[in-house]
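Chain and residue survey
So the chains spell out like this:
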Amino acid sequence: MELKDKSVVVGVCGGIAAYKVVEVVSRLKKLGADVDIIMTANAQKFVAPLTFRSLSHRPVITDMFDEPEYWDIKHISLAKKADLFIIAPATANMIGKLASGIADDMLSTTVTATKAPVMIVPAMNHDMYSNAVVQQNIERLKGLGYIFMEPDTGVMAEGTSGKGRLPEPASIVDMAVGLLKPACDLKGLRLLVTAGPTRENIDPVRYISNYSSGKMGYAVAQAAAERGADVVLVSGPVSIGAPRGVKLISVNTANEMRDAVLKEFPDCDAVVMAAAVADYKAAEGSQLKIKKSDDDMVIRLEKNPDILKELGNIKGSRILAGFCAETDHLVENAMKKVEAKNLDMIVANDVTMEGAGFGTDTNIIKIIKRDGSVTDLPLMSKLAAAHKVLDQLRLISKNEIF
Ligand code: PMT
């Protein structure tokens, strides 16, 4: 009875995947959780409330006003009672409402009123899922601390294939258990994480940078904070929000990142550098916009500091983990960086592989330790990959540091 004494509120929206949520509820109940269910009006067209009532042994909440004994306080009492909210399948409509602060039915009202973690499991047609507005809403909610589970890729109800399927019930319940009972195995660790690109100005309107979105480094920061670590995140310019409980220091250039990192370094036990630091900057940055002329232009670049290499020289007993983005000879190049920068481990991603590297929500990584051992991992979400990196970091520490 792993979830005994835990209260989970499951919000079911109108989508064909609603039938899979029946199994989610059944599994949660078997683990001992106390489960309440809220169904939207459209959800009831896919699955009868009676099915959920039979499994949860509770009245299913279907409308703000249809249960007079509850209606005036129910959304507040459920919002307070919940240890975790799960919204599955979460439709584009519900995601849009939550992102805009619209509370016009029982589910959106209760979620708006809760302080519990909210786990959102989107499921919809893949074109809808990739729609720019839906993606913006998801990013906005992530930035506000809502937790998303990536949809699966595969054949959809309408016969086409793509990303948008509800993950298997067992995976949804695994993630819920992880959120309800986080392993605080990194408690006591003071972790410094870097993320995102750096931006090197050429003039006031142009810069040199790269495609890093910050997602990988932010996932490391989020995973570490969830596992109890004290996390400082030094981030280049990105458009995602800082994970809950993490101290964020925002920078632009490699030199600013270096200054921030060196300032935080003495107080940390370990560093994970996922940032894609620009290796070069314009040697003569212009204060004024450079005017177009009829001639070609040559911009002389000078080297930026290698932040991780500097840390390698002064690391002491700290654990240093780098990342490396490669297009060829992944392990060979990664191993050279371990030596050159005096690292304990490096996380190598081949950025030519689909689903890996810059900008994606997923990654395919190899974790390479100083002793040459390689942990080769398949495609997974950046958050899952982050946990794997932290598992290895913890093994290296042998509990001597934290
Ligand atoms: O941000 P996302 O869109 O999620 O993308 C993730 C990522 C691809 C950026 C990430 O997974 C990744 O690979 N980050 C490191 C990219 C990189 O710059 O690799 P590198 O091989 O150039 O550098 C090796 C290591 O040295 C890195 O830890 C880097 O932070 C560090 N470095 C590099 C240059 C420099 N001047 N100073 C540094 O500290």
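Just so it is clear, the model here is predicted, and its values are computed rather than measured.

**Considering the sheet that holds strand β20 (residues 374–376)**
- With mixed pairing, the eight strands of this open sheet are ordered in space as β12-β11-β8-β13-β16-β17-β19-β20. Strands with a single pairing partner mark the edges of an open sheet, and in this sheet they are β12 (247–250) and β20. When strand polarity is set aside, the average angle formed by the axes of neighbouring strands in this sheet is 15 degrees.
- The pairing of strand β16 (residues 319–326) with strand β17 (residues 345–350) spans six bridges and is parallel. By the bridge assignment for β17, alanine 325 is matched with asparagine 349.
- Most of the contacts of helix α13 (residues 330–341) go to β17, to which it runs at about 150 degrees, and overall it touches β16, β17, β19 (365–369) and β20.

**A closer look at the packing of aromatic side chains**
- Tallied over the entire structure, the rule returns zero aromatic pairs.
- The residue whose ring lies beneath arginine 199 is tyrosine 207, and the NZ or CZ to ring-centre distance is 4.4 Å.
- Over the ring of phenylalanine 265 we find arginine 318; its NZ or CZ atom is 4.4 Å from the centre of that ring.

**Describing the site of the ligand**
- Within the structure, the ligand sits among 27 residues, and Ser212, Ser213, Ala275, Lys337 and Asn349 are positioned closest to it.
- Between the ligand and lysine 337 there is a distance of 2.5 Å, counted from an oxygen atom to a side-chain nitrogen or oxygen.
- Glycine 357 is positioned such that a nitrogen or oxygen atom in its backbone is 3.5 Å from an oxygen atom of the ligand.
- With the chains in place, 96% of the 770 Å² that the ligand exposes on its own is no longer accessible.
- Mapped by element, the contributors of at least two residues to the shell around the ligand are α10 (215–226), α12 (307–313), β16 and α13.
- Of all the elements, β16 adds the most residues to the shell around the ligand, at four residues.
- For the shell around the ligand, the per-class residue count stands at 13 nonpolar, eight polar and six charged.

**Quick look at the domain arrangement of the chain**
- Assigned domains within the chain: domain 1 (7–180) and domain 2 (190–396).
- Spacing between the C-alpha centres of domain 1 and domain 2 amounts to 34 Å.
- Contacts between the two partners involve six residues from domain 1, matched on the other side by seven residues from domain 2.
- A per-residue breakdown of the area domain 1 buries against domain 2 is headed by Glu139, Gly143 and Glu150, which together make up 47% of the total.
- Taken together, the connections running from domain 1 to domain 2 amount to zero salt bridges.
- Of the residues forming the side of domain 1 that touches domain 2, the biggest block, three residues, is contributed by helix α8 (residues 132–143).

**What to know about the pattern of salt bridges**
- Tallying each qualifying case throughout the model produces 26 salt bridges.
- Among the salt bridges present, the one from aspartate 34 reaches arginine 58, with a minimum N-O distance of 2.3 Å. Remark: arginine 58 occurs in the loop between α3 (49–56) and α4 (74–81) and aspartate 34 occurs in strand β2 (residues 34–39); sequence separation between them is 24 residues.
- Under the relative-accessibility criterion, aspartate 34 is labelled partly exposed at 25%.
- A salt bridge links aspartate 391 to arginine 227, with the shortest nitrogen-to-oxygen separation between them at 2.7 Å. Remark: arginine 227 occurs in the loop between α10 and β11 (230–235) and aspartate 391 occurs in helix α14 (residues 382–397); sequence separation between them is 164 residues.
- Several salt bridges converge on common partners, so that one network encompasses Asp34, Asp36, Arg58 and Lys81.

Rules and cut-offs
- Residues numbered from 1 in each chain as written.
- Predicted model: local features only at pLDDT ≥ 70, side-chain atom pairs only at ≥ 80, totals over all residues.
- Heavy atoms only, no water.
- Pairing = 2+ DSSP bridges.
- Helix = DSSP H or I, 4+ residues; strand = E, 2+ residues; numbered from the N terminus.
- Axes fitted to C-alpha atoms, helices over the stretch in contact; angles between N-to-C directions.
- Contact = heavy atoms within 4.5 Å.
- Phe/Tyr/Trp six-rings, centres within 6.5 Å; stacked < 30°, edge-to-face > 60°.
- Lys NZ or Arg CZ within 6 Å of the ring centre and 35° of its normal.
- Near = heavy atom within 4 Å.
- Polar contact = N/O pair within 3.5 Å; in protein donor to acceptor, adjacent residues only side chain to side chain.
- Areas by Shrake-Rupley, 256 points an atom, 1.4 Å probe, with all protein chains shown as cover.
- Nonpolar A, V, L, I, M, F, W, Y, C, P; charged D, E, K, R; others polar.
- Domains from an automatic or database assignment.
- Buried area = accessible area lost by both parts, 1.4 Å probe.
- Salt bridge = Lys/Arg side-chain N within 4 Å of Asp/Glu carboxyl O.
- Buried < 20%, exposed > 50% of the residue type's maximum accessible area, 1.4 Å probe, protein only.

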